[in-house]
Amino acid sequence: MNAEGIIRENIRSLVAYTSAREEFSGQDVTLLDANENPYDTGYNRYPDPFQRELKRAVARVKRVDAARLVLGNGSDELIDMLVRVTCEPGRDNMIVFSPSYAMYEVCGHVNGVETRSLDLDANFEPRWDALPGAIDGHTRLVFLCSPNNPTGNRWPLERVRELAGRFDGWIVVDEAYMDFATGGEPSGDPLSAVSLLEEYPRVVVLQTLSKAWGMAGLRVGICIADPALVTYLNRVKPPYNINSLTQRAAIEALADEETFRRRVREIVRERERLYRAFARVPFFEAVYPSEANFLLTRCAAYRELYDYLVANGVIVRVRHVPPFLEDGLRFTVGTPGENDRLIQLLEQWTRP
Ligand code: PMP
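Residues numbered from 1 in each chain as written. Predicted model: local features only at pLDDT ≥ 70, side-chain atom pairs only at ≥ 80, totals over all residues. Heavy atoms only, no water.

Chemist: Could you give me a rundown of the sheet that holds strand β5 (residues 170-174), with the residues and numbers involved?
Modeler: The strand order across the open sheet formed by seven strands is β1-β7-β6-β5-β4-β2-β3, and the pairing between neighbours is mixed. The open sheet has two free edges, formed respectively by β1 (69-72) and β3 (114-119), since each of these has just one partner strand. Pairwise comparison of adjacent strand axes, ignoring direction, gives a mean angle of 20° for this sheet. Sheet topology places strand β2 (residues 93-98) next to strand β4 (residues 139-145); three bridges connect them, and they run parallel. Within β4, the position partnered with Asn93 by the bridge is Thr139. (Pairing = 2+ DSSP bridges. Helix = DSSP H or I, 4+ residues; strand = E, 2+ residues; numbered from the N terminus. Axes fitted to C-alpha atoms, helices over the stretch in contact; angles between N-to-C directions.)

Right, dumping it as structure tokens:
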């Protein structure tokens, strides 16, 4: 099937909204086209709907062609757009895994798209061999998450490649945490599914500035995809989904790759220190190695431990996802001082 065959019909025939000034990029002109307020507040003009300058900065850092990029108000917006563009509600279906990032399934439900949730195996990996059995002629999307939230493990790129070779829909690889696996190397890095894009146009990679780049408050999600899919995503995208302040601040931050790499290295170092400290905690039944910026543990008394930490001003995330994760606690890596505090609290806890 060509790309058009796996795009929702109403999107294929959609005439996109064209915003004022879309065609125009000159200077020193009188702008009377967009019903803006003429008085300069710093923000009286609409932002660039195509985020051209920001895309150039992202393309440079990620070493990808800007024509492959769609930016979203966080990758959450991109997840929703991907479902809307590819799946016909009430007819098509999508595949997600559990435990993984819960938003894929939520977006499926919001859009009235059947969502098939498959349990990960005991190593927190998809049962790749069972996957073809869950796929049928109406499966349009498979959401993979690597490194996976909340388990922290990376899923082998080789398996993604195999799947891409035999599945006729879109494979979305959510790499929100990939920079912590590569140590901040560009996504041309062999660990990243970006390396599959040329060969497999149905592979779609999601990344974000929210994690390793430290800009969760700005809301910039990055979709790297085949230009044909980019065209369709642009059709459904709200024209001004990335505001002026965000575009400006993100361009500035992306210019400083050195700070970015230094912080990523620091977080990775702290993650490994926390891992070693957690391994000595007697009431953790398991501590899982992680390639992200968090660690997953199991603790039978996870509720009591959570309440104790909250009472002491430290908030962590309970992950109760049967059948393989009944008793999970996910700890985000903090600053060295915050991690010291966490370790100290764990050492002082007497299990009830
Ligand atoms: N994907 C994964 C795997 C995540 O864990 C998160 C954030 N928790 C997101 C996407 C969303 O990130 P954002 O919308 O901030 O880009």
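Chemist: Now, about the layout of surface pockets: what can you tell me, with residues and values included?
Modeler: One way to see where empty space is left: roll a probe the size of a water molecule over the atoms. Volume-wise, the largest pocket comes out at about 730 Å³. Every residue lining the largest pocket is counted, 28 residues in all, and those nearest its centre are Arg21, Tyr46, Pro47, Asp48 and Arg52. Taken together, the elements giving at least two residues each to the lining of the largest pocket come down to α2 (52-62) and α9 (244-254). Residue contributions to the lining of the largest pocket peak at four residues, all from α9. Residues of the lining of the largest pocket, tallied by class, amount to twelve nonpolar, seven polar and nine charged. (1 Å grid on protein atoms, 1.4 Å probe; cavity = no way out; pocket = protein on both sides within 12 Å on 5 of 7 lines; lining within 4 Å. Points joined across faces, edges and corners; volume = space filled by probe spheres on them. Nonpolar A, V, L, I, M, F, W, Y, C, P; charged D, E, K, R; others polar.)

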